Amino acid sequence: MEIKTISVTYHRKFNLGDYESLELGCSLWAQIDPEEDAEGATQFLYMQAKASVKEAAMPLIKTSAYQMNKYKQTAKQNTKDDLENF
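Small disclaimer: the values here were computed from a predicted structure and weren't measured.

Mapped onto the elements, Tyr46 comes out in helix α1 (residues 38-63). Its relative accessible area of 31% is what places Tyr46 among the partly exposed residues. Considered as a pair, Tyr46 and Cys26 are 20 residues apart in the sequence and their alpha carbons are 9.5 Å apart. In this structure, Tyr46 is in contact with Val8 and Tyr10, ignoring residues within four places of it in sequence.

This is the structure:
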């Protein structure tokens, strides 16, 4: 089977506290040639979509008291930065 088009969708829901949430998502499409690596192209699209959602979410996370409290609690437990790992 020949793959001509690849589609990747990435969604993430953020709890803002007080019964509020926000869902961000990104869908990317790419056309590939028969000699291109479909698996590699899919991985690339996934990473691009995830980075796009992260970029859009960072201002929200930094201004949300609930998300920042959640981050501070997690940071105490882990030595890694959860915002970087997303």
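Among the surface-exposed residues, Asp33, Glu35, Glu36, Asp37 and Glu39 lie close enough to one another that they form a single negatively charged patch. By the secondary structure assignment, Asp37 is in the loop between β2 (20-31) and α1. Residue Asp37 is classed as exposed on the basis of its relative accessible area of 51%.

Take the packing of aromatic side chains next. Two measures describe an aromatic ring pair: the distance that separates the ring centres and the angle between the ring planes. Scanning the entire structure with this criterion turns up one aromatic pair. Pairing Tyr10 with Tyr46 gives two aromatic rings, centres 5.7 Å apart and planes at 80°, and the pair type is edge-to-face. Pair noted here: Tyr10 is in strand β1 (residues 5-17) and Tyr46 is in helix α1, with a separation of 36 residues, a long-range link. Of the residues examined, Tyr10 reaches a relative accessible area of 10% and is grouped as buried.

This paragraph deals with the pairing of β1. For β1 and β2, the ladder comprises twelve bridges, and the chain directions are antiparallel. Residue pairing for β2: Thr9 is matched across the bridge by Ser27. The hairpin formed by β1 and β2 contains two residues between the paired strands, and Asp18 there has a positive phi angle of roughly 50°.

Our next topic: the nonpolar core. If you look at the biggest cluster of nonpolar residues, it comprises nine residues: Tyr10, Phe14, Leu24, Cys26, Ala49, Val53, Ala57, Met58 and Ile61. Every element with two or more residues in this core is listed here: β1, β2 and α1. Element by element, the count of residues in this core is highest for α1, at five residues. Excluding residues within four positions of it along the chain, Cys26 makes contact with Val8, Thr9, Tyr10, Ala49, Ser52 and Val53. Ile6, Val8, Ala41 and Leu45 belong to the second-largest nonpolar core, a separate cluster that totals six residues.

Our next topic: unusual backbone geometry. Notably, Asp18 is not glycine yet its phi reads approximately 50°, a positive angle. Relative to the assigned elements, Asp18 resides in the loop between β1 and β2. Even without a glycine there, the phi angle at Tyr19 is positive, about 60°. Secondary-structure assignment places Tyr19 in the loop between β1 and β2. Tyr19 gets classed as exposed once you look at its relative accessible area, which sits at 89%.

Conventions used here
Residues numbered from 1 in each chain as written. Predicted model: local features only at pLDDT ≥ 70, side-chain atom pairs only at ≥ 80, totals over all residues. Heavy atoms only, no water. Helix = DSSP H or I, 4+ residues; strand = E, 2+ residues; numbered from the N terminus. Buried < 20%, exposed > 50% of the residue type's maximum accessible area, 1.4 Å probe, protein only. Contact = heavy atoms within 4.5 Å. Patch = residues over 30% accessible without salt bridge, like charges linked within 9 Å, V, L, I, M, F, W, Y side chains within 5 Å. Areas by Shrake-Rupley, 256 points an atom, 1.4 Å probe, with all protein chains shown as cover. Salt bridge = Lys/Arg side-chain N within 4 Å of Asp/Glu carboxyl O. Lys, Arg positive; Asp, Glu negative; His and termini not counted. Charge placed at Lys NZ, Arg CZ, Asp CG, Glu CD. Phe/Tyr/Trp six-rings, centres within 6.5 Å; stacked < 30°, edge-to-face > 60°. Pairing = 2+ DSSP bridges. Core = buried A, V, L, I, M, F, W, Y, C linked by side-chain atoms within 4.5 Å.

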